[in-house]
Amino acid sequence: MTATTAASAKGRRRDGPIRPRRGGARRRRSAGALFVAPFMVLFLLLFLAPLGYAAYLSLFQERLVGGTAFVGLDNYVRALGDSQLLHGVGRVALFFVIQVPLMLLLALAFALALDSGLLWLARFIRLGIFIPYAVPSVVAALMWGYLYGPDFGPFAQLSRDLHLPVPQFLNDTWMLGSLANIVTWEFVGYNMIILYAALRTIPEELYEAAAMDGAGAWRTAWSIKLPALRPTLMLTLLFSVIGSFQLFNEPNLLMKIAPEVISSSYTANLYAYSLAFTGQQVNYAATVSFLLGLVIVIASYAVLLTANRRRTS
């Protein structure tokens, strides 16, 4: 080693480790901003801008005399007293209470059964449960509308052949249950895949410890799998809250088959659509849509708050 090399090495030891240049950190920050930019642009254009425009439209009203006029919160006062809107929100809330627990219980049961490893042809069963989610909701509603038909549906034909009363799946009493059946058929597989994926992330060491302690399949599912699935179940529940209050395709298509049961205000989302595109009341439709979004936010927050309180207690 020469004297120059030794001096430079000694200098490096005295000065400590070489620090990265500020330009490199700045470039990394710029690269992060560039990666986030496409999402932010789409979020701004496809979410915040339409939301702001809807809030702007809700403050105006189109009148026969004088054209469009600023009315402030008059549309919101009208909507809060609109019986059609309130009945639609109440009907969707009842739909949520009936349909979502049943759907999530079925999804959970299928996910646990598949994860147990006791099923033959588990891959084909998993695919068969998931396939209905791949069917577009419009096609699913048309298919089930045909099955429900009291004149031409297979259930009606079979009942006539057996000299039994024709089931009235599309009357006022059974319509909400018929809609719940369609949505459950569509989304059980979707929620099952989410829960099954969460089950596959549980460490094998927990199962080995449970087996050494003598825990059976039921005890393992109750003490290990279900507690590990709580965050995932909460996620699927939030998705279900949003989806339930946005119910539109199924009642909109079944309305063509049973117009005397499903009106244009059967659900809040269908009511907003009818106001905008049938009644040409764009400003009031924006108000209804904005209030529906507020209801979804409140319902989602209530679910999260209830879950957090149970977890802390």
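Parameters at a glance
- Residues numbered from 1 in each chain as written.
- Predicted model: local features only at pLDDT ≥ 70, side-chain atom pairs only at ≥ 80, totals over all residues.
- Heavy atoms only, no water.
- Helix = DSSP H or I, 4+ residues; strand = E, 2+ residues; numbered from the N terminus.
- Buried < 20%, exposed > 50% of the residue type's maximum accessible area, 1.4 Å probe, protein only.
- Core = buried A, V, L, I, M, F, W, Y, C linked by side-chain atoms within 4.5 Å.
- Contact = heavy atoms within 4.5 Å.

Quick look at unusual backbone geometry
In the Ramachandran plot, Leu 121 falls in the positive-phi region, its phi being about 50 degrees despite a non-glycine side chain. In this structure, Leu 121 sits in the loop between helix H4 (83-116) and helix H5 (122-134). With phi around 55 degrees, Gln 280 is a residue other than glycine that occupies positive phi space. For Gln 280, the position within the fold is in the loop between helix H13 (268-277) and helix H14 (282-312). A relative accessible area of 54% means that Gln 280 is categorised as exposed.

A look at the nonpolar core
Ranked by internal contacts, the top residues of the largest apolar core, which has 43 residues, are Met 192, Phe 245 and Val 288. Elements represented by at least two residues in this core include exactly helix H3 (74-80), H4, helix H8 (175-199), helix H9 (204-212), helix H11 (230-245), H13 and H14. With 11 residues, H4 is the largest single contributor of residues to this core. Those residues in contact with Met 192, other than ones at most four positions away along the chain, are Ala 107, Phe 110, Ala 111, Leu 114, Arg 126, Ile 129 and Phe 130.

Thoughts on the side chain of Ser 240
Here Ser 240 lies in helix H11. Ser 240 sits in the buried class, given a relative accessible area of 7%. Ignoring anything within four residues of it in the chain, the contact list for Ser 240 reads Phe 96, Val 100, Met 103 and Leu 104.

Structural measurements only, silent on function.
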